[in-house]
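Report on the structure
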Amino acid sequence: MTDSKKDSLNELLAGFELGPAWAKANATPRASAPDGRSDDRKRAEPRARDDRERRSQERGHDDGSRKPFRSPGRRDERREGPPRPQQTPPADGVRVTLVPDAEAIHLIGKEVHQVARVYPLYDVARILLAERGRCRAVFESSASQPPLFRGKLDESLFLTRDEAVRHLWHSALRARFIEEETIEVDPPSGNFQLVARCGLSGEWLGPPNFHAYQTSLRRLHRERFSHMSFEAYAAKVRTERGEEAIHAWLDTQKKKTRWRLKEAGDDAWTSDPVEAGRTLATACFEAAFEETRRADLLASVPPANLSPSLMTSLTIAGNHARNHPAMLIPAVCKAVEAEHLPVFKRQGKLYTGPARPHPLPQDAVLAERPGIMVEWIRNNPPAKLEGLWKAVLPEGATAPPAEFAADLFWLLHQGHILLFTDDTLVVQETRTAAAAGETSGDTKTRKKKKRKSTKAPSSETNKPATEDSASPDTPAQNTPDATAPMVSGPTIQGPVVEAPVVHPPEVLAPVVETDFTAAANNSSPASQPVVDESPAP
């Protein structure tokens, strides 16, 4: 190839070089502008500025509306599924209150008697609210609202009669009143070219010109996709051609389900579910539901057994109670007293335990083993259960002796010693001892009280010891001193459990390692300690 042909070829290909001018084969040096910028850069600046303005307008910076970028020919896959149902607002005029379940309180009572511990009612309320099955929900309808429909045969509650009828048909209650039977029938005959199919569930609906097509379409929408409009659901239906699709639909038509009321004649069979549901509602509704303005259900009721608005009200009430467990304490007090557990107050907090605290005088004469334990607890505040066993255990022993365990179990059930949930042991002192412990405080505390007494001598001098006065044997946290009965209740005098109790999970898990029950059963009556209330000579 000659040089002239090479030059002509380079000139022809030069028009296809898309790079900058300085990178081309026969590029000439760029002339610099007086300000140092090249001519190509000067020409590119207006175009770049125009491109920035155009992109800014497309993003909607001028009018405040930004349009998302969508690739042409690409569908949004998120729109293929059914839309998420919106949360139903709570029911108007219906009040929901949570109360402890009697069975859960009964299990807690067994646990308290066995482990002989003192529990704050606030912690008991939190344990009950940890699971819905431990509480009951009380629904109350105001006089301005229509009554509620409560199920007689199951725990269900609905606002309207239509919701109750729908539950009667779709729940297990239908089997109590209706007989259901599936029989073999001949499939439809005809020349079918295409068949419709639900785009959401995949269920065959039949040819659009089939007489049962509209019935099947509306039935499927009513039963499974009632949260969306019928027009939106009908738009999801797609049609398919071919022998495979037609044969698949014909296979679904070879079996037919029919219903009738129990103990009815053979003429009562019907294949129409609407007619069967109407017959069930007319003949059996009164036996399954009743009208009421107050209903008590287990808080763990399934969502299908409640109206959507009632379920929303229950969810709101449960969340509020879990955030504020103290609101359940008044109901817990009544439920605990029904299980013969005392309720008492210490330093502004309510507690429950195996027995109401009974003060133990300083000069009380006890048996040898109880006296050793009481003396150690008084001399080692804050006393722990592990430290007590280490102090009284014989050398080389790994478990507390049965005699010591039985004596401690007796003291706990008499209320002379309190065992808290953090393994802290406290001797219940008399009020005079608590007042003496208060006067033996530090110097700064005495100076503050002395200043107060100078300001109001008449009121401070004759003021008795309060129930919150501290004792030297009382730990700093969660173990206050004196007692003041808050709610009256019977006193438990050392009950003995004959057999170990099987505890449910997460209900006041016992933390006492000592088997008080076995120790109490193995101990002889002669070894029981006796409190001598007579004054010492």
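Fair warning: this is a prediction, and the values are worked out from it, not measured in the lab. (Residues numbered from 1 in each chain as written. Predicted model: local features only at pLDDT ≥ 70, side-chain atom pairs only at ≥ 80, totals over all residues. Heavy atoms only, no water.)

1. Observations concerning the overall build of the protein
For clarity, the cut-off: Secondary structure elements follow DSSP: runs of H or I no shorter than four residues count as helices, runs of E no shorter than two count as strands, and numbering proceeds from the N terminus. Here the term buried applies to any residue with accessible area under 20% of the maximum for its type, exposed to any over 50%, and partly exposed to those in between, with areas from a 1.4 Å probe on protein chains only. Whether two residues are in contact is decided by their heavy atoms: any pair within 4.5 Å suffices. We get accessible surface area from the Shrake-Rupley algorithm with a probe of 1.4 Å; when it comes to residues, only the shown protein chains can shield them.
On a plain count of helices and strands, the protein comes out with 19 helices and 18 strands. Out of the 537 residues belonging to the protein, those deemed buried represent 35%. Taking the contacts inside the protein whose residues are at least 6 apart along the sequence as the reference set, 73% of them involve residues at least 24 apart. When the accessible area of the protein is evaluated, it comes to approximately 32800 Å², of which 51% is carbon and sulfur surface.

2. A short note on the packing of helix α13 (residues 368–379) against helix α15 (residues 402–414)
Between two packed helices, both the angle of their axes relative to each other and the distance between the axes serve to describe the pair. Our working definition: For helices, the fitted line uses only the C-alpha atoms of the stretch in contact; every axis is such a line through C-alpha atoms, and the angle between N-to-C directions lies from 0 to 180 degrees. With respect to orientation, any angle under 35 degrees is reported as roughly parallel, any angle over 145 as roughly antiparallel, any angle of 65 to 115 as roughly perpendicular, and every other angle as oblique. What makes a crossing left-handed is the near helix being turned counterclockwise from the far one by less than a right angle; a clockwise turn instead makes it right-handed. Each residue gets one of three labels, nonpolar for Ala, Val, Leu, Ile, Met, Phe, Trp, Tyr, Cys and Pro, charged for Asp, Glu, Lys and Arg, and polar for the others, Gly among them.
Axis separation between α13 and α15 bottoms out at 9 Å; the angle between their running directions is 70 degrees. Classified by the angle between their axes, α13 and α15 sit roughly perpendicular to one another. α15 is crossed by α13, and the crossing has right-handed handedness. Of α15, the residues touching α13 (which contributes Arg-369, Pro-370, Met-373 and Val-374) are Glu-403, Phe-404, Asp-407, Leu-408 and Leu-411. Class assignment of the residues belonging to the contact of α13 with α15 gives a composition of six nonpolar, no polar and three charged.

3. Some details on the nonpolar core
To be explicit about the condition: Side-chain atoms within 4.5 Å are what join buried Ala, Val, Leu, Ile, Met, Phe, Trp, Tyr and Cys residues into a set we call a nonpolar core.
Counting 38 residues, the largest nonpolar core has Leu-128, Phe-139, Leu-157, Leu-306, Leu-314 and Val-332 as its most contacted members. Of all the secondary-structure elements, those providing two or more residues to this core are β1 (94–100), α3 (102–115), α4 (121–129), β3 (135–141), β12 (294–298), α11 (308–323) and α12 (329–338). Once residues within four sequence positions are removed from consideration, Leu-128 is found in contact with Pro-100, Ala-104, Ile-105, Ile-108, Arg-134, Cys-135, Leu-328 and Val-332. Phe-409, Leu-412, Ile-417 and Leu-425 belong to the second-largest nonpolar core, a separate cluster that totals 23 residues.

4. A word on the sheet that holds β1
Worth spelling out the cut-off: One bridge is not enough; two strands pair if DSSP finds at least two bridges between them.
With antiparallel pairing, three strands are arranged side by side in an open sheet as β1-β3-β12. Looking along the sheet, the strands with just one partner apiece sit at the ends: β1 and β12. For this sheet the average axis-to-axis angle between neighbouring strands, irrespective of direction, equals 25 degrees. Each of β1 and β3 is contacted by α11, which is oriented at about 50 degrees to β1, the strand it contacts most.

5. Thoughts on the packing of helix α5 (residues 161–170) against helix α10 (residues 273–288)
The geometry of α5 relative to α10 is characterised by a closest axis approach of 9 Å and an angle of 105 degrees between their N-to-C directions. Viewed along their axes, α5 and α10 adopt a mutual orientation that is roughly perpendicular. Residues Arg-161, Ala-164, Val-165, Leu-168 and Trp-169 of α5 form the contact with α10, whose participating residues are Pro-273, Ala-276, Gly-277, Leu-280, Ala-281, Cys-284, Phe-285, Glu-286 and Ala-288. Class assignment of the residues belonging to the contact of α5 with α10 gives a composition of 11 nonpolar, one polar and two charged.

6. Some words on the sheet that holds strand β11 (residues 289–292)
Taken together, the three strands give an open sheet; going across it, the order is β5-β4-β11, and neighbouring strands pair in antiparallel fashion. Two strands in the sheet have a free side with no partner beyond their single neighbour: β5 (157–158) and β11. In terms of strand pairing, strand β4 (residues 148–151) meets β5 through two bridges, oriented antiparallel. The residue bridging Arg-150 from the neighbouring strand is Leu-157, located in β5.

7. Comments concerning the pattern of salt bridges
Oppositely charged side chains may form a pair once their charged atoms are brought near each other. Counted only if it meets this: A pairing counts as a salt bridge when a side-chain nitrogen of Lys or Arg comes within 4 Å of a carboxyl oxygen of Asp or Glu.
Applying the stated rule across the entire model yields 20 salt bridges. We note a salt bridge from Glu-155 to Arg-136, for which the minimum N-O separation is 3.0 Å. Of the two residues, Glu-155 is situated in the loop between β4 and β5 and Arg-136 in strand β3; the sequence distance between them amounts to 19 residues. Relative accessible area serves as the criterion here: at 31%, Glu-155 is assigned to the partly exposed category. Ionic pairing is found between Arg-136 and Asp-296, a salt bridge with its closest N-O pair at 3.0 Å.

8. Examining the side chain of Thr-292
As a reminder, the rule being used: Side-chain atoms alone can form a polar contact between residues adjacent in sequence; in general such a contact is a pair of N or O atoms within 3.5 Å, and within protein one must be able to donate a hydrogen while the other accepts it.
Assignment of secondary structure puts Thr-292 in strand β11. Among the polar contacts listed, one links the side chain of Thr-292 to the backbone oxygen of Arg-294, at a separation of 2.9 Å. With near-sequence residues (within four places) excluded, Thr-292 lies in contact with Pro-147, Leu-148 and Arg-150.

9. Some thoughts on the packing of aromatic side chains
Let me state the cut-off plainly: Stacked, tilted and edge-to-face are the three classes assigned to paired rings of Phe, Tyr and Trp, where Trp is represented by its six-membered ring and a pair needs centres within 6.5 Å; plane angles under 30 degrees give stacked, over 60 edge-to-face, the rest tilted.
Applying the stated rule across the entire model yields 10 aromatic pairs. Aromatic pair Phe-158 and Phe-289: ring centres 6.1 Å apart, planes at 70 degrees, arrangement edge-to-face. In this pair, Phe-158 is assigned in strand β5 and Phe-289 in strand β11, connecting sequence segments 131 residues apart. Owing to a relative accessible area of 3%, Phe-158 belongs among the buried residues under this scheme. Of the residues examined, Phe-289 reaches a relative accessible area of 1% and is grouped as buried. With a centroid separation of 5.2 Å and an interplanar angle of 80 degrees, the aromatic rings of Phe-192 and Trp-249 are classed as edge-to-face. Of the two residues, Phe-192 is situated in the loop between β6 (178–184) and β7 (194–197) and Trp-249 in helix α9 (residues 243–252); the sequence distance between them amounts to 57 residues. Comparing Phe-192 with Trp-249 shows no difference in burial state: the two are buried.

10. Some details on the pairing of strand β14 (residues 349–352)
Look at any regular strand and the pattern is simple: side chains alternate between the two faces of the sheet. Across two bridges, the pairing between strand β2 (residues 119–120) and β14 is antiparallel. Its bridge partner being in β14, Tyr-119 is matched across the sheet by Thr-352. Pairing of strand β13 (residues 343–346) with β14 involves four bridges; the strand directions are antiparallel. The residue of β14 that forms the bridge with Phe-344 is Tyr-351.

11. A word on the side chain of Gln-428
Looking at the element boundaries, Gln-428 is found in the loop between β17 (424–427) and α16 (431–439). Residue Gln-428 is classed as buried on the basis of its relative accessible area of 1%. For Gln-428, the side chain forms a polar contact with the side chain of Arg-346, separated by 2.9 Å.

12. Comments concerning the confidence of the model for the protein
How we decide: The predictor's confidence in any single residue is recorded as pLDDT, a number from 0 to 100.
Here the protein shows a mean pLDDT of 74. Residues at 70 or above account for 66%. Note on residues 439–450: pLDDT under 50 across the span, and three contacts to partners over four residues away in sequence or across chains. In this model residues 452–537 is a low-confidence stretch, pLDDT under 50, and it forms 163 contacts with partners more than four residues away in sequence or in other chains.

13. Side note on α10
This is how it is decided: Each residue after the first adds 1.5 Å to the expected span of a helix.
Over its 16 residues, α10 runs only 19 Å from end to end, short of the ideal 22 Å by more than 12%, given 1.5 Å per residue. For α10, the full list of buried residues reads Ala-276, Gly-277, Leu-280, Ala-281, Cys-284, Phe-285 and Ala-288. Where α10 begins, the side chain of Asp-272 points an oxygen toward the backbone nitrogen of Val-274, at a separation of 3.2 Å.

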